[in-house]
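Survey of secondary and tertiary structure
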Amino acid sequence: MADSMYGGVVEMKKDFKMKVLVVGSGGREHSLCWAIAKSPKCDELFCAPGNAGIDGIAICVDIGADDIDALVGFAIDNAIDFVVVGPEAPLVDGLVDRLEEADILAFGPSAAAAALEGSKGFMKDLSAKYNIPSAEYGRFDEPEAAKEFILRHKTPIVVKADGLAAGKGVIICQNKNEAYAAVDHIMTERAFGGAGEEVIIEEFMEGEEASFFVLCDGVNAVALRSAQDHKAAFDGDEGPNTGGMGAYTPAPIVDDAMATRIMDKIITPTIKAMAAEGKPYKGVLYAGLMITSTGPKLIEFNVRFGDPECQPLMLALKSDILTALIASADGTLDKIKLKWHDEATLIVVMAANGYPGRYEIGSEIRGVEEANAMDGVFVFHAGTKAENGALLANGGRVLGITTKAKTVAQAQKLAYKAVAKIDWPEGFYRTDIGWRAAKR
Ligand code: AMP
Ligand code: GLY
């Protein structure tokens, strides 16, 4: 869209109201729908496919987030003005390109730009070419060459599948035998399918992790508040890696000086690099960072909001999210300044017993309304469905108890008070979300 049809929405067409479609079904999409529904610019809100929590604030449409043809068809048939894409898979598969071909404005990167998440090799080569600080690495499409590289490097060492592997394609190896086995697991046994056609072998970086989110419009970038998530399943950051068991914002490790450093060393060079490569980056860019003794280093990029980080971010945002998302899509982010509440926000994820491994769906959850009725508490649904008036678990991560309070420590306390209202024996949660910030 060269000369944007929405470029003047912010200032000129104050009365223009939009029909908006959000794509996805998780807690991230519930929080996006919740924030978008509050916008004076939102006329009608749809979500495909949505969940039991989204139903009620948006009209849920029974189309899967990966069904590109059906999503584009729905958007055309229903005269949707703006589409917000939540998860990475439809972005990597070109949903935004297809919508733009149909002249529908969409929030998110093109397929070419989504390669920042879709191919770890692409991201690593870009970082190397443009001097963006990241782990030293090698890229291999043949197991023997990968093992040869491991032999010559020190441990711990990290082995990654190149493609999308639902957050599971990263194996941290304490010794060389583990690393050889990881190469076989990914490349020979194809544990992550086609994502394992190539592997990346990386130096292990030490430090504290942080998530940094920016909205981009191809040229400009606007930073969101810093956040930190907890990827490990159990207390004390133990146990298997998950999509995220909790998060909070702001993250004290990213103070203003660190945020400036991250912008200067990582974000701005990446946006310039993508433009120079003919793949201008639009949408939200999520940098997973390791704050090391020598400064921030890039672990990975994601081309979407983090889940669960998005939920506390939406609760902390004071500005109209829809205006900002439109500005990202139509190239007017230079006009946007985001305002945030002073309070900290935090989310505790409740997951089905067994997650991230095998788990059952269909168990009944009680007490969500009681938790929601508490001051400063909002329960976002991640994997739920309603059946005969009951709320049932319908996924691995099921609920996100999200709170706002003066400090992270107070938000944490409030969240666990709310969690105690939820009666769901088939679920579990971490009891220490926010411990690093609460301790400070
Ligand atoms: P990713 O899916 O790339 O975010 O990796 C998942 C997790 O693995 C990250 O959140 C880090 O905790 C860890 N990780 C990935 N790459 C590295 C690395 N090079 N050094 C240390 N930890 C890493
Ligand atoms: N919370 C981590 C992610 O969204 O990838």
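Our structure's up above, just so we're on the same page.
Described below are features of the structure shown in this document. (Residues numbered from 1 in each chain as written. Chains lettered and ligands numbered in written order. Predicted model: local features only at pLDDT ≥ 70, side-chain atom pairs only at ≥ 80, totals over all residues. Heavy atoms only, no water.)

1. A word on the side chain of serine 127
- Within the secondary structure, serine 127 sits in helix 6 (residues 120–129).
- Residue class for serine 127 comes out buried when judged on its relative accessible area of 4%.
- The contact partners of serine 127, leaving out residues within four places of it in the chain, are Ile132, Ser134 and Leu298. (Helix = DSSP H or I, 4+ residues; strand = E, 2+ residues; numbered from the N terminus. Buried < 20%, exposed > 50% of the residue type's maximum accessible area, 1.4 Å probe, protein only. Contact = heavy atoms within 4.5 Å.)

2. Comments concerning helix 9 (residues 256–276)
- Here helix 9 contains 21 residues, and its C-alpha end-to-end distance of 28 Å stays within 8% of the 30 Å for a straight helix at 1.5 Å per residue.
- At methionine 263, helix 9 shows its largest bend, some 40 degrees.
- Regarding helix 9, the residues found buried are Met258, Ala259, Ile262, Met263, Ile266, Ile267, Pro269, Thr270, Ile271, Ala273 and Met274.
- Residues of helix 9 that are buried sit in contact with helix 5 (111–118), helix 6, strand 10 (208–217), strand 11 (221–223), strand 16 (282–292) and strand 17 (295–302).
- Glycine 278 sits one or two positions beyond helix 9 and adopts a positive phi of about 75 degrees. (Expected span 1.5 Å × (residues − 1). Bend = angle between axes of the 7 residues up to and from the residue.)

3. With respect to the packing of aromatic side chains
- With the rule as written, the count across this model stands at 10 aromatic pairs.
- Between phenylalanine 46 and phenylalanine 74, the aromatic rings sit 5.5 Å apart at their centres with planes inclined by 70 degrees, giving edge-to-face as the arrangement. Taken as a pair, phenylalanine 46 in strand 2 (residues 42–49) and phenylalanine 74 in helix 2 (residues 68–77) lie far apart in primary sequence, 28 residues in all.
- When the centroid spacing of 5.2 Å and the interplanar angle of 55 degrees are considered together, the rings of phenylalanine 140 and phenylalanine 149 count as tilted. As far as burial versus exposure is concerned, phenylalanine 140 and phenylalanine 149 are alike and both buried. (Phe/Tyr/Trp six-rings, centres within 6.5 Å; stacked < 30°, edge-to-face > 60°.)

4. A word on a nonpolar patch on the surface
- Taken together, the side chains of Val170, Ile172 and Phe204 make up a nonpolar region of the molecular surface, amounting to roughly 220 Å² of accessible area.
- Secondary-structure assignment places valine 170 in strand 8 (residues 170–173).
- Valine 170 gets classed as partly exposed once you look at its relative accessible area, which sits at 33%. (Patch = residues over 30% accessible without salt bridge, like charges linked within 9 Å, V, L, I, M, F, W, Y side chains within 5 Å. Areas by Shrake-Rupley, 256 points an atom, 1.4 Å probe, with all protein chains shown as cover. Salt bridge = Lys/Arg side-chain N within 4 Å of Asp/Glu carboxyl O.)

5. Re the site of ligand 2
- Close contacts around ligand 2 come from Asp229, Lys231, Gly243, Tyr286, Arg304, Gly306, Asp307, Pro308 and Glu309, and that covers them all.
- Measuring from an oxygen atom of ligand 2, one finds a side-chain N or O atom of arginine 304 at 2.9 Å.
- Between ligand 2 and the protein, one listed contact pairs an oxygen atom with a backbone N or O atom of aspartate 307 at 2.9 Å.
- Taken by itself ligand 2 offers 200 Å² of open surface, and the protein chains cover 91% of this.
- Residues of the shell around ligand 2, tallied by class, amount to two nonpolar, two polar and five charged. (Near = heavy atom within 4 Å. Polar contact = N/O pair within 3.5 Å; in protein donor to acceptor, adjacent residues only side chain to side chain. Nonpolar A, V, L, I, M, F, W, Y, C, P; charged D, E, K, R; others polar.)

6. Some remarks on the environment of lysine 406
- Locating lysine 406 in the fold gives a position in the loop between strand 23 (397–405) and helix 13 (408–419).
- A relative accessible area of 67% places lysine 406 in the exposed class.
- Through-space distance from the C-alpha of lysine 406 to that of threonine 345 is 8.6 Å; in sequence the pair is 61 residues apart.
- Setting aside anything within four residues of it in sequence, one finds lysine 406 in contact with Glu343 and Ala344.

Functional significance is not addressed by these values, which are geometric in nature.
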